[in-house]
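Geometric and topological summary
These are the residues of each chain, in order.
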Amino acid sequence: MFLDNVHEEDQQKIRQKIQEAIDSQSEYDLEFRYKSDGGYKAIWLKGNVHKNDKKLLIKGTVMDITTRYQLLQQLKKSEQLYKQAEALSHIGNWSWELKNNTFLLSDEVYRIFEIPGSPVKFDRDDFINNLIPSERPRIEQIIREAISHRRPLEFTLKYKVSAGVIKTVKVLGEVAYDEYNHSIIIIGTCQDISVQQEIEHKLRMNKAELEQSNMSLREYAYVASHDLQEPLRKISTFADRLRTSHEAELSEQAKSHLSKIISSSIRMQQMIRDLLSVSIINSERSFENVNMDNLFQEVLQHFEDIIEHKKITITADRLPEATVIPSQIRQLFQNLISNSIKFSHPHIPCHIKLTTSLIEDPGDDIKNTIPGRNYLKIMISDNGIGFNNQFAEKIFTIFQRLHRKQVYDGTGIGLAICRRIAENHNGMIKAFGEEGKGAVFTIIIPS
Amino acid sequence: MKMNLSPIYIADDDPDDLSIISDALIQKLPGNQIREFSNGQDLVNTLHTLSVIEYPALIIVDLNMPGKDGRATVSDIKNQPGLKFIPVIVCTTSTSLKDQISCYTAGANCYVSKPNSFGEFCQLISSIVDLWLPKIHMS
C-alpha cells in the first residue's frame, strides 16, 4: 500500500535500505518521492531497528522536505548553469583566504592553470612556484600594494603550466577587509589571454612588415625618380648634342631619327614621373572637412584663361561640405575638367556640366559600403568627342590611351590617378561615353 | 671686353655630366679655366690648399655624390669665413622640395635642375654665369 505511492525509481531503494537496517539492526536514513496531489512530495525517513523480546521494532520520523528538495534542485541547476557559463567565457573564479593561505578555485581556474584534478591542495606557494621566475617579484609587489593601498588587483602574468608551455593570464581581484580593517580574503577572476596575446603579437608583426614594405616602396620610388631617369636624360642630351654639333653633316633622315630618340626618352621620363605621382597619391591620406565647392572653384580659376579663350560654358550645382583629402579632390576635378577641355568637339562649343546629389545607397557601385553613411554623387558630363563605351573601364588603366599621342598628347595617367583618388576616399569613379556626343564621369564618395 | 681670370670648379660623380657642364661653360666663356672633381671631398680639400688670389670665381656641385654630397660640400664652403663669398650652385637631377630646402639652408646660392638637352644646358649655364660672375667684367 505505502510502496504503491512511492515513486517507481525509489521503491527498490526503500526496500533495500529497510532490509539492511533489519538485518543489521541499525539506523536507516533515506529520502524518496511520494505521490501527492498529482505530483510528488520529497520525504525524509530516518529511524532505527531493534529487537525487543524477539519482536522487531522499527522506529522512525517522517519529514516533508519538498521545499528543501526543490531549493536544492534549483541550486544544483544554477550551479550547473554557472559552470557552463564559466566554461564558455573561460573566465575562472578564485578566492584566496589570507589567514590560512588557501585558495578556493573554480573548475575553470583548474583548466586555465592546468592543475591536475581539483582535490589537489593548491596554495600560494604552489602558485608562486609556477610563475616565470622573473615575474615573481613584480606580482608579489602588486599583491602587496593592492592589499596595503586598498586598490583593485589587476595584472597579467606568465605562468608555466607544463614544461615548455607558458600561458598569459589576466587576473582581476578585489581585497575584502574585516571590521578591524584586516585584509581577510581576495576574490577575483582570471582569464587565459594567451591566444589574444598571440593574435596581437601577429598583428604587430604584420604591421611592422607592412611598414617595412612601405619603406621599400618609398625607396623604390626614389630610385625610380633619380636613377632610372638619369640614363634617359643622358640619351636625350647626347642625341641633342649630336644633332646640333653635326648639323651640317647629318642627312635629314638622320636628324629626324635623332629627334625621335630625344622625344621618346623625354616621354619616358614623363611616364616615370607620372608613375611616381600615382605612388605619392597612395601615400598621402590626410582627411579634412572642407567645402567641396571651394575646391571646384579653385580648379575653374586654374583654367580661367583657356575657358575664356575657348568660350567654354560651365554649369555647376553647388557642392556640399565633405570630409576629403583636399589636394586629391582638387586634382580629381582638375584632371576631369582638363580631360573635358582636351577632348572637346572641334566644331561644337564645349559645355561642361557638374551635377551633384546625396544618395543613401550606392548599390552595387561600391563594394564595401559604410552602414549609416550617406554618399555624395557627383557627375561631370561634357559634349565632347566622347568614346566608344566598350572602353569605359579601360580608360582608367595606367598609360591607357584611346588616341594616338600625335593627335592628343599626354601619357594616359590622368584617369588612373582619378580612380586612385576615388578609391582612397572609399568611393568609386566610372565613365560612360558615346562617340561624337560626349562623356559622363560619375564619382561616388562617402559624404 | 670680358676677362675671367678666376677658374670655375665643378664637382660631379658622373663623368658625362662633368663634360656636359664643362662644354657648356666653354661655349659661354671660351678660354676660361675649368677644374673638374669627381666628388665634394676632393673639391673641398683643394680649396683648403689655395691662397686667396687662387680662389675659384664660381663652384657648381652635383647633389647626389658618394662620400661628401653636394649639401655637405655647400655647408663646408659656407662655414669657412674665407670661402663663403664664393657663389655655389647646386645642379642636380633631384626636383624634390626637401632637397631644395636643405641645400638653401646649407647656404647654396642657387639650386637648378639638370635639363634634358644640351641646348637647354647651355642656356642654363649661360644664365648662371651672367648672374653670378658680373663682378669680374672689365672694360
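A brief look at the structure comes next.

Rules behind the numbers
- In every chain, residue numbers begin from 1 and rise along the written sequence.
- The order in which chains are written sets their letters, starting at A; the order in which ligands are written sets their numbers, starting at 1.
- Totals for whole chains, interfaces and linings use every residue, but because this is a predicted model, local features are given only for residues with pLDDT of at least 70 and side-chain atom pairs only at 80 or more, for both listing and counting.
- To obtain the side-chain values, all non-hydrogen atoms of the structure were included, while hydrogens and water were left out.
- When DSSP finds at least two bridges between two strands, those strands are taken to pair.
- A run of H or I in DSSP becomes a helix once it reaches four residues, and a run of E becomes a strand once it reaches two; helices and strands are each numbered from the N terminus.
- To define axes, lines are fitted to C-alpha atoms, for helices over the stretch in contact only, and angles between the resulting N-to-C directions are given on a 0 to 180 degree scale.
- Any pair of nitrogen or oxygen atoms within 3.5 Å is treated as a polar contact; in protein, a donor-acceptor pairing is required on top of that, and neighbouring residues in sequence qualify only through side-chain atoms on both sides.
- Every residue pair with non-hydrogen atoms within 4.5 Å of one another is taken to be in contact.
- Defined here as a combined quantity, buried area equals the accessible surface (1.4 Å probe) lost by two parts on assembly, summed across both.
- Salt bridge, as applied in this entry: a Lys or Arg side-chain nitrogen positioned within 4 Å of an Asp or Glu carboxyl oxygen.
- The span expected for a helix works out to 1.5 Å for each residue beyond the first.
- Buried, partly exposed and exposed residues are distinguished by accessible area as a fraction of the type maximum, computed with a 1.4 Å probe on protein chains only: under 20%, between the cut-offs, and over 50%, respectively.
- Cavities and pockets are found on a 1 Å grid laid over the protein atoms alone: a cavity is a set of points where a 1.4 Å probe fits but cannot escape, a pocket is an open set with protein on both sides within 12 Å along at least five of seven lines, and a lining residue has an atom within 4 Å of such a point.
- Grid points are joined across faces, edges and corners, and a volume is the space filled by probe spheres set on the points.
- Gly is placed with the polar residues, together with every amino acid not listed as nonpolar (Ala, Val, Leu, Ile, Met, Phe, Trp, Tyr, Cys and Pro) or charged (Asp, Glu, Lys and Arg).

**Overview of the sheet that holds strand E1 (residues 8-11) of chain B**
Residue and element names in this part refer to chain B. As summarised here, the arrangement of the five strands in space is E2-E1-E3-E4-E5, forming an open sheet in which the pairing is parallel. Each having just a single partner strand, strand E2 (34-37) and strand E5 (110-113) make up the two edges of the open sheet. Each neighbouring strand pair of the sheet contributes to a mean axis angle of 20 degrees, computed without reference to strand direction. Here strand E4 (residues 88-92) runs beside E5; their pairing, made up of four bridges, is parallel. Residue pairing in the sheet places Ile-89 in a bridge with Cys-110 of E5.

**Some points on the side chain of Ser-94 of chain B**
Checked against the element boundaries, Ser-94 of chain B lands in the loop between E4 and helix H4 (97-106). Reaching out from Ser-94 of chain B, the side chain makes a polar contact with the backbone nitrogen of Ser-96 of chain B at a distance of 3.2 Å. Setting aside anything within four residues of it in sequence, one finds Ser-94 of chain B in contact with His-226 of chain A together with Leu-63, Asp-99, Tyr-111 and Ser-113 of chain B.

**Quick word on the interface of chain B and chain A**
In this complex, chain B contributes 17 residues to the contact, which on the side of chain A involves twelve residues. Roughly 1,200 Å² of surface becomes buried between chain B and chain A when both sides are summed, with 45% attributable to carbon and sulfur atoms. Area buried by chain B at its contact with chain A is led by Thr-93, Asn-116 and Phe-118 of chain B, which between them contribute 45% of it. The interface formed by chain B and chain A includes four salt bridges. Asp-14 of chain B is the partner of Lys-234 of chain A in a salt bridge, and the nearest nitrogen-oxygen pair spans 2.4 Å. Applying the counting criterion to the chain B and chain A interface returns ten residue pairs in polar contact (both at pLDDT 80 or more). Going through the elements one at a time, helix H1 (15-28) and helix H5 (118-132) of chain B are the ones with two or more residues in the side of chain B that touches chain A. Of the residues forming the side of chain B that touches chain A, the biggest block, five residues, is contributed by H1 of chain B.

**A short note on H5 of chain B**
With 15 residues, H5 of chain B should cover 21 Å at 1.5 Å per step; its first-to-last C-alpha distance of 21 Å lies within 8% of that length. Taken together, the buried positions of H5 of chain B are occupied by Phe-118, Phe-121, Cys-122, Leu-124, Ile-125, Ser-126, Ile-128 and Val-129 of chain B. Buried positions along H5 of chain B lie against helix H7 (229-245) of chain A together with H1, strand E3 (58-61), E4 and E5 of chain B.

**Here's the deal with the pairing of strand E7 (residues 165-177) of chain A**
Residue and element names in this part refer to chain A. Bridging between strand E6 (residues 153-162) and E7 involves nine bridges; their strand directions are antiparallel. Counted as the bridge partner of Tyr-159 is Lys-167 from E7. The turn joining E6 and E7, which pair antiparallel and follow one another in sequence, is formed by two residues; a positive phi near 80 degrees is taken by Gly-164. The turn linking E7 back onto strand E8 (residues 183-192) is made up of five residues, and Asn-181 within it adopts a positive phi angle of 65 degrees.

**Brief notes about the layout of surface pockets**
All names here are of chain A. Of the volumes computed, that of the largest pocket is approximately 780 Å³. If you trace the largest pocket, you find 33 residues lining it, with Asn-339, Lys-342, Phe-343, Gly-414 and Leu-415 closest to the centre. Sorting the residues of the lining of the largest pocket by element identifies helix H8 (252-283), helix H11 (326-342), helix H12 (414-424) and strand E15 (438-446) as the ones contributing at least two each. The element that contributes the greatest number of residues to the lining of the largest pocket is H11, accounting for eight residues. Of the residues in the lining of the largest pocket, the class split is 13 nonpolar, 14 polar and six charged. As a volume, the second largest pocket reaches approximately 670 Å³. As for the second largest pocket, its lining consists of 19 residues, and the residues nearest its centre are Leu-217, Ala-221, Leu-276, Ser-279 and Ile-280.

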